[in-house]
Amino acid sequence: RVALVGRREGHSQITSYGCRGRDRGYDDYGAMPADVLAAMEDLGLEQWCGEVLRRLSLWQRQTVIREIGTMRSVRNPSGVVMSRIRSIAKVDELISIFVDINGLDRNV
């Protein structure tokens, strides 16, 4: 999950909580691409959803973000984003992302 806390110089500070796997306590958003950070802030996406977006190709990310547009009044924005991701990414890509995010052994 992601919590937006405070505002400083027009930018929200993002902190993570309740994350699973090796991303637990992940606070280094320097590695997060700017377009993913912007989508996380604009759409209120959870941390894990941003991690999935980060692992997509640039074309896939741009396609998902473009399709979503300015989604407002959605009860579960991360669910909507994941629905779009599933329509674009191949199953083996999604499995690889899941394994990576959760720190699983690739031989499992």
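Residues numbered from 1 in each chain as written. Predicted model: local features only at pLDDT ≥ 70, side-chain atom pairs only at ≥ 80, totals over all residues. Heavy atoms only, no water.

## Here we look at the overall build of the protein chain
Helix and strand counts for the protein chain come out as five helices and two strands. Along the protein chain, helices and strands appear, N-terminal first, in the series β-β-α-α-α-α-α. Looking at the protein chain as a whole, 35% of its 108 residues qualify as buried. Long-range pairs, those at least 24 residues apart, make up 50% of the contacts in the protein chain between residues at least 6 apart in sequence. Entry remark: accessible area of the protein chain is about 6900 Å², with carbon and sulfur atoms responsible for 50%. (Helix = DSSP H or I, 4+ residues; strand = E, 2+ residues; numbered from the N terminus. Buried < 20%, exposed > 50% of the residue type's maximum accessible area, 1.4 Å probe, protein only. Contact = heavy atoms within 4.5 Å. Areas by Shrake-Rupley, 256 points an atom, 1.4 Å probe, with all protein chains shown as cover.)

## Here we look at helix 3 (residues 58-68)
Within the sequence span of helix 3, burial applies to Gln 60, Arg 61, Thr 63, Val 64 and Ile 68. Taken around the axis of helix 3, the buried residues stretch over an arc of 165°, which confines them to a single face. Seen from the open side of helix 3, the exposed residues pointing more than 90 degrees away from its buried face are Trp 59 and Arg 66. Those residues of helix 3 that are buried lie in contact with helix 1 (34-43), helix 2 (47-55), helix 4 (77-88) and helix 5 (91-101). (Arc of directions from axis to C-beta.)

## Observations concerning the pattern of salt bridges
Here the structure, examined in full by the defined rule, presents four salt bridges. Between Arg 61 and Asp 35 there is a salt bridge; the shortest N-O distance is 3.0 Å. One end of the pair, Arg 61, is in helix 3; the other, Asp 35, is in helix 1, and 26 residues separate them in sequence. For Glu 51, the salt bridge identified is with Arg 55, shortest N-O distance 2.5 Å. Here the residue Glu 51 and the residue Arg 55 both occupy positions in helix 2, the gap between them amounting to four residues, near one helical turn. Taking relative accessible area as the criterion, Glu 51 reaches 0% and is therefore assigned buried. Salt bridges linked by common partners bring Glu 51, Arg 54, Arg 55 and Asp 100 together as one network. (Salt bridge = Lys/Arg side-chain N within 4 Å of Asp/Glu carboxyl O.)

## Considerations on the packing of helix 2 against helix 5
Where helix 2 contacts helix 5, the axes come no closer than 10 Å and their chain directions differ by 125°. Accordingly, the angle class assigned to the pair helix 2 and helix 5 is oblique. Every pair of crossing elements has a handedness; the one defined by helix 2 and helix 5 is right-handed. On helix 5, the residues that touch Trp 48, Glu 51, Val 52 and Arg 55 of helix 2 are Ile 97, Asp 100 and Ile 101. (Axes fitted to C-alpha atoms, helices over the stretch in contact; angles between N-to-C directions. Parallel < 35°, antiparallel > 145°, perpendicular 65-115°, else oblique. Left-handed = near helix turned anticlockwise from the far one by under 90°.)

## Regarding the environment of Ile 65
With respect to the secondary-structure elements, Ile 65 resides in helix 3. In sequence terms Ile 65 and Leu 43 are 22 residues apart; their C-alpha atoms lie 9.9 Å from each other. The contacts of Ile 65, once residues within four sequence positions are left out, are Asp 35 and Ala 39.

## Considerations on the confidence of the model for the protein chain
Per-chain confidence: the protein chain averages 75 in pLDDT, with 70% of residues scoring 70 or above. Note that pLDDT drops below 50 for residues 1-29; the model gives that stretch 62 contacts with residues more than four away or on any other chain. (pLDDT = per-residue confidence, 0-100.)

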